[in-house]
Amino acid sequence: GNSSIKLSGIVESDESYIGGKEKNKHAHKKLRRGRGTVGKLIVQGLIQRGGEVRTKVQPNQKKRTLQAEMRAHVAPGSKVFTDDLKSYEGLDGDYVHRMVNHAVRYVEGEVHTNSMENFWSLFKRCIHGTWVQITEPHLFRYLDEQTWRFNRRKQDDEGRFKWAIGNVIGKRLTWKELIGQNPVVGSS
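Criteria and cut-off values
- Residues numbered from 1 in each chain as written.
- Predicted model: local features only at pLDDT ≥ 70, side-chain atom pairs only at ≥ 80, totals over all residues.
- Heavy atoms only, no water.
- Pairing = 2+ DSSP bridges.
- Helix = DSSP H or I, 4+ residues; strand = E, 2+ residues; numbered from the N terminus.
- pLDDT = per-residue confidence, 0-100.
- Contact = heavy atoms within 4.5 Å.
- Core = buried A, V, L, I, M, F, W, Y, C linked by side-chain atoms within 4.5 Å.
- Buried < 20%, exposed > 50% of the residue type's maximum accessible area, 1.4 Å probe, protein only.
- Expected span 1.5 Å × (residues − 1).
- Arc of directions from axis to C-beta.

Attention now goes to the pairing of strand β3 (residues 53-58). In this sheet, β3 lies alongside strand β2 (residues 41-48) in antiparallel orientation, the contact comprising six bridges. Counted as the bridge partner of L46 is R54 from β3. In textbook terms, the turn of a hairpin is the stretch between consecutive antiparallel strands, and for β2 and β3 this stretch comprises four residues, one of which, G50, has a positive phi near 75 degrees.

Before going further, it helps to spend a moment on the confidence of the model for the protein. For residues with low pLDDT, the predicted coordinates do not support detailed interpretation. Predicted confidence across the protein gives a mean pLDDT of 79, with 71% of residues reaching 70 or more. Ranking the elements of the protein by mean pLDDT puts helix α4 (residues 157-166) last with 69 and helix α1 (residues 63-73) first with 96. Counting interchain partners and residues more than four positions distant, the pLDDT-below-50 stretch residues 28-35 has nine contacts.

Judged by nonpolar contacts, the single largest core of 13 residues is most densely connected at F119, F123 and L139. Counting residues per element, the ones that place at least two in this core are β2, α2 (114-129) and α3 (139-151). Top element by residues in this core is α2. It accounts for five residues. The next biggest cluster of nonpolar side chains, apart from the first, holds ten residues, and it includes V11, L66, V74 and V80.

With that out of the way, let us pick up α3. Between the first and last C-alpha of α3 there are 18 Å, a value that for 13 residues agrees with the 18 Å anticipated at 1.5 Å per step. Of all the residues in α3, the buried ones are L139, F140, L143, Q146, T147 and F150. Within α3, the buried residues cover an arc of 130 degrees as seen down the axis, which keeps them to one side.

Below you can see the structure in the form of structure tokens.
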């Protein structure tokens, strides 16, 4: 996928919270401040129906944070479906914006965020199945990998392999880059 090409048509935006369950942590690591989303990392996802997904670890769920990401990746005039988070208010100038109130119903005709929620459930299955523990500095790497796989889900293994090999010829990965001490230029 080419992240310089903006998503269009029908685009869903949805956030997910990634992080260990407090009850599973050692006592000295527990965050004793409420429940639910405390201590979890926020990830914003955008998906074009039937097309690509884009994901980003976000510092917060503020209006300017979430909307800046949308404006960076979604073409003006697109239909944008979100949940009823206050941060999404005010998108109507650029998009045909519809909100889903999940307390009432998840689907209202074409207005839903099920495609993005499907991606989150796949991602979380990978975290719990494959990558037992994810630390904050590395979360974007796992997200990037799953996003890459998802965006090439219609290719077969041979197609994905050829694409990957075509993009590594002439490049070299150092140990410091691999362990994140010397980030590769251009990484998120």
